[in-house]
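# Structural description and commentary
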Amino acid sequence: MLLDLGLSDLEGMEVLKRLREWSRVPVIILSVRDREDDKVAALDAGADDYVTKPFNSAELLARLRAVLRHAQPQGADAIFRTGELEVDLSARVVRKRGQEIKLTPIEYSLLRLFVTHRRQGFDHRQLLTEVWGPKAVEQTHYLRVHIAHLREKIEEKPSRPDSSSPSPPLATGLLELE
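Because the structure is a prediction, the values reported are computed rather than measured.

So, how was this worked out
Throughout, residues of each chain are indexed from 1 in the direction in which the sequence is written. The predicted nature of this model means local features are confined to residues of pLDDT at least 70 and side-chain atom pairs, given and counted, to a pLDDT of 80 or more, with totals for whole chains, interfaces and linings taken over all residues. Only heavy atoms go into the side-chain values, all of them from the structure, while hydrogens and water stay out. Secondary structure elements follow DSSP: runs of H or I no shorter than four residues count as helices, runs of E no shorter than two count as strands, and numbering proceeds from the N terminus. What is meant by a nonpolar core is a set of buried Ala, Val, Leu, Ile, Met, Phe, Trp, Tyr and Cys residues, joined one to another through side-chain atoms within 4.5 Å. When accessible area is computed with a 1.4 Å probe and restricted to protein chains, residues below 20% of their type maximum are described as buried, those above 50% as exposed, and intermediate ones as partly exposed. Here a residue-residue contact requires only that any non-hydrogen atoms of the pair lie within 4.5 Å. If DSSP finds at least two bridges between two strands, the strands pair. Note on geometry: axes are lines fitted to C-alpha atoms, helical ones only across the stretch in contact, with angles between N-to-C directions running from 0 to 180 degrees. Seen with its strands pointing away from the viewer, a crossover is right-handed when the path leading from the first strand over the helix to the second is clockwise. Planes of paired rings set the category: under 30 degrees apart is stacked, over 60 is edge-to-face and the rest tilted, where pairs are Phe, Tyr or Trp rings (Trp by its six-membered ring) whose centres lie within 6.5 Å. The predictor rates its confidence in each residue with pLDDT, a number between 0 and 100. For the purposes of these results, a polar contact is taken to be a pair of N or O atoms within 3.5 Å, where, inside protein, one atom must be able to donate a hydrogen and its partner to accept one; residues adjacent in sequence count only when each atom of the pair is a side-chain atom.

### What to know about unusual backbone geometry
- Following K53, the chain continues into P54 via a peptide bond in cis, with omega recorded as -10°.
- Along the polypeptide, P54 turns up in the loop between β3 (49–52) and α3 (57–71).
- Unusually for a residue other than glycine, R97 sits at a positive phi of about 55°.
- If you trace the backbone, R97 turns up in the loop between β6 (93–96) and β7 (99–101).

Structure follows, in structure tokens:
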């Protein structure tokens, strides 16, 4: 995420603090504020990098690549296994019983969220914001449809989800939406 601190509706630092309450998405701050204490405050609040305007586009692209490299799971964290399901986060490959499962980009984004945040619950607003963006927070039908399709692909009995699947919130969260 590229986040400008000078937003019209809400202060960028407040957006960053709220985002960090539930997401670990990489964040690069873009700002005309070049004081050291502004940079330190943003980095301490959870920003991954801070770029002062004006900036060179080549430098920004290099910083984006660096942040994304560091955000990629490595080693043991890159592969999640439960039962007969395996999610390789580095390769973006999902397998069930050793056979690759084809997921849509949205299905993969949802599954990746459940796997990488498996120890925390999500409400529908958080999922919608993370996958579709903040303008989709009321579009719960998006979530119902895509989670149903994801369940069809990864669950043995989609209508009766396994509590050991990638995340118990995957099971309970949909029940709350229905």
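### Some details on the nonpolar core
- The biggest cluster of nonpolar side chains holds 21 residues, and the ones touching the most others in it are V87, V94, L103, L110, L111 and L127.
- Of all the secondary structure elements, the ones that give two or more residues to this core are β5 (85–88), α4 (105–116), α5 (124–132) and α6 (140–154).

### Topic: the environment of R63
- Looking at the secondary structure, you find R63 in helix α3.
- In sequence terms R63 and I28 are 35 residues apart; their C-alpha atoms lie 8.3 Å from each other.
- Excluding residues within four positions of it along the chain, R63 makes contact with I28, D49, Y50 and V51.

### Re the sheet that holds β6
- Strand order in the open sheet formed by four strands is β4-β5-β6-β7, and the pairing between neighbours is antiparallel. The open sheet has two edge strands with one neighbour each: β4 (79–82) and β7. Pairs of neighbouring strands in the sheet enclose a mean axial angle of 25°, with direction left out of account.
- Two elements, β5 and β6, share four bridges in a ladder whose sense is antiparallel. Across the sheet, V87 pairs through a bridge with V94, a residue of β6.
- Its contacts with the sheet place α4 against β4, β5 and β6, and it is angled at close to 95° to β5.

### Re the pairing of strand β2 (residues 28–31)
- Where burial is concerned, the two faces of β2 agree: the one with I28 and L30 and the one with I29 and S31 are both buried.
- By the bridge criterion, three bridges tie strand β1 (residues 2–4) to β2 in an arrangement that is parallel. Looking at β2, one finds that L2 is bridged to I28.
- Taken together, β1, helix α1 (residues 12–20) and β2 form a β-α-β motif whose crossover is right-handed.
- Note that the unit made of β2, helix α2 (residues 36–44) and β3 has a crossover that is right-handed.

### Regarding the packing of aromatic side chains
- With the rule as written, the count across this model stands at one aromatic pair.
- Ring geometry for W132 versus Y142: centroids 5.5 Å apart, planes at 35°, classification tilted. Taken together, the residues W132 in helix α5 and Y142 in helix α6 connect sequence positions 10 residues apart.
- Given the relative accessible area of 26%, W132 is considered partly exposed.

### Quick look at the confidence of the model for the protein chain
- Confidence in the prediction of the protein chain, expressed as mean pLDDT, is 81, and 86% of residues score 70 or more.
- For the stretch residues 167–178, pLDDT sits under 50, and the model shows 24 contacts to residues farther than four places along the chain or on other chains.

### Quick look at α5
- Within α5, the full set of buried residues consists of Q126, L127, L128 and V131.
- Packed against the buried residues of α5 are α4 and α6.
- Between a side-chain oxygen at the N-terminus of α5 and the backbone nitrogen of R125 the separation is 3.0 Å; the capping residue is D123.
- After α5 finishes, the residue G133 shows a positive phi value of roughly 105°.

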